[in-house]
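Each chain, letter by letter, is given below.
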Amino acid sequence: MWLMESPGYERLGPLVHDVARLLRRSFERRISDGSLSATQGRALILVAKSEGMPQARLADLLEIEPISVSRLLDRMEDGGWVERRPDPTDRRVRSVYPTDKSRAVLHEVRSVAGDVYEEALKGLSPDERKALIHGLQVMSENLSDGAALACQADAKVTA
């Protein structure tokens, strides 16, 4: 509990939340024609990186419910950004593929994201940037399901 007694730590959660919201807002404001939301931009990057990704895996990576990713992909498919195809080995699975339209704007999406990150990190030295990213990665690992399961397994071994 000593962290909560230190000045400023009570703001950690709200600050992380605010920064995430502001990053999304800035991305959406900067994308050229406003046709992609920040979540759609993330989905586009993930789908382009792993063509044929199962829809359920995309939901896991985006950390949203499968029904929500289905609606997201419905909108993206209607906009011509992605294509869903049945998996040849499992008819219950739908795989997601980028379209030529999405491939054509992928560089812009990445560029806009880079500009947003650069703006957000302005004023931080290279060492402070590395420390921030490292700290957030450690926090993410500490709070992930895998870390929680590992801690539970360690507790059982030592008990």
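Residues numbered from 1 in each chain as written. Predicted model: local features only at pLDDT ≥ 70, side-chain atom pairs only at ≥ 80, totals over all residues. Heavy atoms only, no water.

K.L.:
Is there a simple way to explain the confidence of the model for the protein chain in this structure?
P.N.:
Keep in mind that low pLDDT regions are not for reading the predicted coordinates in detail. The predicted model of the protein chain has a mean per-residue pLDDT of 85, with 85% of residues at 70 or higher. Predicted confidence is poor over residues 147-159, with pLDDT under 50, and the contacts of this stretch with residues over four places away or in other chains come to two contacts. (pLDDT = per-residue confidence, 0-100. Contact = heavy atoms within 4.5 Å.)

K.L.:
Would you mind going over the side chain of Gln 55 with me for this structure?
P.N.:
In this structure, Gln 55 sits in helix H4 (residues 55-62). According to the relative accessible area criterion, Gln 55 is buried, its value standing at 13%. (Helix = DSSP H or I, 4+ residues; strand = E, 2+ residues; numbered from the N terminus. Buried < 20%, exposed > 50% of the residue type's maximum accessible area, 1.4 Å probe, protein only.)

K.L.:
What's the story with a nonpolar patch on the surface in this structure? I'm lost.
P.N.:
A cluster of nonpolar residues, Leu 12, Val 16, Leu 124, Leu 132, Ile 133 and Leu 136, forms a patch on the protein surface that exposes about 450 Å² of accessible area. Taken together, the elements giving at least two residues each to the nonpolar patch come down to helix H2 (12-30) and helix H7 (126-143). With three residues, the top contributor of residues to the nonpolar patch is H7. Along the chain, the position of Leu 136 falls in helix H7. (Patch = residues over 30% accessible without salt bridge, like charges linked within 9 Å, V, L, I, M, F, W, Y side chains within 5 Å. Areas by Shrake-Rupley, 256 points an atom, 1.4 Å probe, with all protein chains shown as cover. Salt bridge = Lys/Arg side-chain N within 4 Å of Asp/Glu carboxyl O.)

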